[in-house]
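Okay, here's what each chain looks like letter by letter:
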Amino acid sequence: MARLSNQEGLADWLPGRLAEERPVVTVIGDSILDGWWDGTIERFCREAPAPVVQVQRRDFAPGGAANTAMNLAAMGADVRFVSLVGEDSGGHTLLEQLRSAGVDVSHVVFHAGMTTTTKFRVSSGGQVMLRLDDAAHEVPVSGMREMAAAIPQALPGSSAVVLCDYGAGALEGAVRDAIFEYLGPQSEGSEAGSAKAREDTLVVVDAHYPGRWAQLKPDLATPNAQEAARLLGAEFPGGAARCPFVEAHADQLLRASGAAAVVVTLDREGTLTIRPSGDSRKPATHRTWARPQAEKQASGAGDTFVAALTMARAAGLPLTTSVDLAQAAADVVVHRPGTSVCTTDELAKHLRGFADTALTDSELARHVEEHRSEGKRIVLTNGCFDVLHRGHTRYLNQAKQLGDVLVVALNSDSSVRKLKGPDRPVNHEADRAAVIAALSCVDHVTVFDTPTPIPLIELLRPDVYAKGGDYTPEMLQETEAVERYGGTVTILDYVPEHSTTAVLERIRSTGEAPQT
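Residue positions are given per chain, counting from 1 as you read along its sequence in written order. Whole-chain, interface and lining totals are the exception, using all residues; otherwise, since this is a predicted model, local features are given only for residues with pLDDT of at least 70 and side-chain atom pairs are given and counted only at 80 or more. Values shown for side chains rest on all heavy atoms present in the structure; no hydrogens or waters enter the calculation.

## Notes on the sheet that holds strand β9 (residues 160–165)
- The sheet built from 8 strands is open, its strands ordered β4-β1-β9-β10-β11-β12-β13-β14 with mixed pairing. Of all strands in the sheet, those bounded by a partner on one side alone are β4 (78–82) and β14 (284–288).
- Here helix α9 (residues 301–314) sits on the sheet in contact with β1 (24–29), β9, β10 (202–207), β11 (220–221), β12 (261–265) and β13 (271–275), set at roughly 170° to β10. Only strands that DSSP links by at least two bridges are regarded as paired with each other. Helix numbering and strand numbering both begin at the N terminus, where a helix is a DSSP run of H or I of at least 4 residues and a strand a DSSP run of E of at least 2. Working rule for contacts: check all heavy atoms of both residues, and any pair within 4.5 Å makes them a contact. Note on definitions: angles span 0 to 180 degrees between N-to-C directions of axes, and those axes are lines fitted to C-alpha atoms, for helices only across the stretch in contact.

## A look at unusual backbone geometry
- Despite not being glycine, Arg22 shows a phi value in the positive range, around 45°.
- Its place among the elements puts Arg22 in the loop between α1 (14–21) and β1.

## Comments concerning the nonpolar core
- The criterion is simple. A nonpolar core is a set of buried Ala, Val, Leu, Ile, Met, Phe, Trp, Tyr and Cys residues joined through side-chain atoms within 4.5 Å. For the exposure calls, accessible area comes from a 1.4 Å probe over protein chains only, and a residue counts as buried if that area is under 20% of its type's maximum, exposed if over 50%, partly exposed in between. Core analysis: the largest hydrophobic core is formed by 77 residues, its most contacted members being Val27, Phe81, Leu98, Leu396, Ile436 and Val442.
- With 9 residues, the single largest contributor to this core is helix α10 (residues 319–334).
- When residues no more than four places from it in sequence are discounted, the contact partners of Phe81 are Val27, Ser31, Ala65, Ala66, Ala69, Leu98, Val103, Asp104, His107 and Val108.
- Formed by 26 residues, the second largest nonpolar core is a distinct cluster that contains Ile28, Val161, Val175 and Leu216.

## Description of helix α11 (residues 344–352)
- If you check which residues of α11 are buried, you get Thr344, Leu347, Ala348 and Leu351. Along α11, the residues classed as buried sweep out an arc of 100° about the axis, all on the same side. Opposite the buried face of α11, at more than 90 degrees from it, the exposed residues are Asp345 and Lys349.
- Tucked into the core, α11 has its buried residues touching α1, α2 (65–74), α10 and α15 (429–438). Regarding the arc, it is the one traced by the directions from the helix axis to the C-beta atoms.

## Quick notes on the packing of aromatic side chains
- Here a Phe, Tyr or Trp ring, Trp counted by its six-membered ring, pairs with any other such ring whose centre lies within 6.5 Å, and the pair is stacked when the planes are under 30 degrees apart, edge-to-face when over 60, and tilted otherwise. Overall, the coordinates contain 5 aromatic pairs when judged by the stated rule.
- Seen in terms of ring centroids, Phe385 and Tyr395 are 6.3 Å apart; in terms of plane orientation they differ by 20°. Their pairing is stacked. One end of the pair, Phe385, is in the loop between β17 (378–383) and α13 (390–400); the other, Tyr395, is in helix α13, and 10 residues separate them in sequence. Exposure class is identical for Phe385 and Tyr395. Each is buried.
- Among the aromatic residues, those joined into a cluster by ring pairs are Trp37, Phe60 and Phe120.
- To sit over a ring, a charge needs its Lys NZ or Arg CZ within 6 Å of the ring centre and within 35 degrees of the ring normal. Here the basic side chain of Arg58 rests over the ring of Trp37, its NZ or CZ set 5.0 Å away from the ring centre.

## Description of the packing of α2 against helix α3 (residues 89–100)
- Relative to each other, α2 and α3 sit at 15°, their axes nearing to 10 Å. Between α2 and α3, the angle falls in the class roughly parallel. Crossing hand, α2 versus α3: left-handed. Where α2 abuts α3, its residues Ala66, Ala69 and Met70 lie against Leu94, Gln97 and Leu98.
- Gly is placed with the polar residues, together with every amino acid not listed as nonpolar (Ala, Val, Leu, Ile, Met, Phe, Trp, Tyr, Cys and Pro) or charged (Asp, Glu, Lys and Arg). Its residues placed into classes, the contact of α2 with α3 shows 5 nonpolar, 1 polar and no charged. With respect to orientation, any angle under 35 degrees is reported as roughly parallel, any angle over 145 as roughly antiparallel, any angle of 65 to 115 as roughly perpendicular, and every other angle as oblique. Handedness of each helix crossing follows the sense of rotation of the near helix against the far helix: counterclockwise by less than a right angle gives left-handed, clockwise gives right-handed.

## Quick word on the confidence of the model for the protein
- Per-residue confidence for the protein gives a mean pLDDT of 87, with 89% of residues at or over 70.
- Known as pLDDT, the predictor's confidence for each residue is given on a scale from 0 to 100. Under a pLDDT of 50 for its full length, residues 187–194 has, in the predicted model, 3 contacts with residues more than four places off or in other chains.

Here it is as structure tokens:
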């Protein structure tokens with residue numbers, strides 16, 4: 001399969017380009033049918049102090065592993081689904097919706113002794129009043145044997161395999177044995193042909209108990225906070241303290257999951273990606289920030305995240321870009337009620353919404369004052385940010401962690417030419433602003449045309465002025481302006497091997513950007 005360039009950013013055309021790749025992805029896991037029943041409440045029942053919901057609408061949607069498969073198909077993947085469902089109305093409804101979405105369900109096992117897990121949510125006025133779970137008490141052994149037999153048929157030609165293990169029992173016994181036989185790491189002395197399907201196949205584990213799959217040595221594990229806590233055998237702190245807690249336990253999470261990289265999803269706090277780095281003392285990390293809005297009764301945003309992450313990695317995008325794209329996809333569905341999917345067009349529209357988002361000085365000043373009135377800490381940084389690369393995203397993530405609101409001031413095209421030469425910038429200021437604004441760590445973008453950002457600093461009076469590079473505060477003209485009103489200047493990491501100049505020289509000489 002062709003691989004996308006490693007210099008791709010979160011441009012609005014990227015989802016369409018990923019869909020053109022049409023990677024083959026096999027999803028193996030526990031199926032769930034989500035039922036959403038909505039109605040009105042006008043009285044309480046006579047038997048108990050409980051409201052009577054007069055149901056006016058009944059909706060059903062594939063959930064669990066089936067929702068991951070639906071999202072992959074909606075983003076353009078060629079999806080094969082391996083699961084076990086009952087010969088009941090729930091199973092028929094589930095497969096009918098999957099089939100209509102273009103998912104290959106020929107490897108799904110229908111079994112008379114199985115009950116299709118169905119979760120009925122009863123709501124009124126946007127509030128879930130009750131959830132009823134109808135699930136199998138025991139998964140039939142014969143059904144697991146049939147599902148295990150379907151796995152080797154579904155794997156050939158797959159660019160990626162996603163294991164969705166929600167503890168419902170379908171990935172036990174013979175199924176688990178088959179997964180390890182065909183996807184486990186091939187060790188020295190193993191039989192010829194064992195783990196044959198693993199070669200060049202991305203393996204993603206999305207499991208309630210990810211440690212159960214550690215010996216599989218997956219490429220990616222995607223635990224949420226509760227699942228990561230199980231890996232560590234420790235209680236997670238709440239709120240904003242969770243990301244520092246994950247970072248402090250990064251080594252243990254990598255070891256316990258057995259994964260090459262772990263992406264911990266933290267709901268409103270976004271995600272934290274951890275993976276080994278060249279510095280053996282500290283794993284590399286990458287943070288994303290969610291864009292939460294008013295609370296809505298959404299379900300399955302984690303499935304959307306896993307689907308988009310898998311789609312991007314299967315097409316060859318860098319891990320950091322893939323995680324940012326997955327966060328954007330999750331942001332699309334989390335603002336909708338019920339169980340839904342993010343399509344290629346919806347993701348492109350979401351990213352397109354960041355175009356023309358550069359604020360004027362006066363607009364930005366109003367936003368900053370609103371944030372400051374809410375007690376938020378303002379961070380300002382500036383730069384050209386021409387050809388986006390890992391050095392940029394790492395730096396911006398670090399800057400975001402210095403406060404609550406990150407404002408990025410971009411050098412105008414004319415000022416970039418003065419700084420970098422007549423052949424720069426490669427990307428015009430509107431395009432640079434749109435790409436930077438699409439990063440989850442960035443809250444506001446503006447463009448400045450002055451020799452230094454000092455006039456903007458004096459207007460906004462940020463709590464922190466962040467600068468990347470081999471500077472000291474004493475070397476910066478901006479330091480005096482910041483310190484005059486009591487602000488702080490912070491110098492962040494310098495990553496010379498990932499400079500824009502180095503990227504452009506590599507492109508000119510080889511036609512490829514460095515790996516990130």
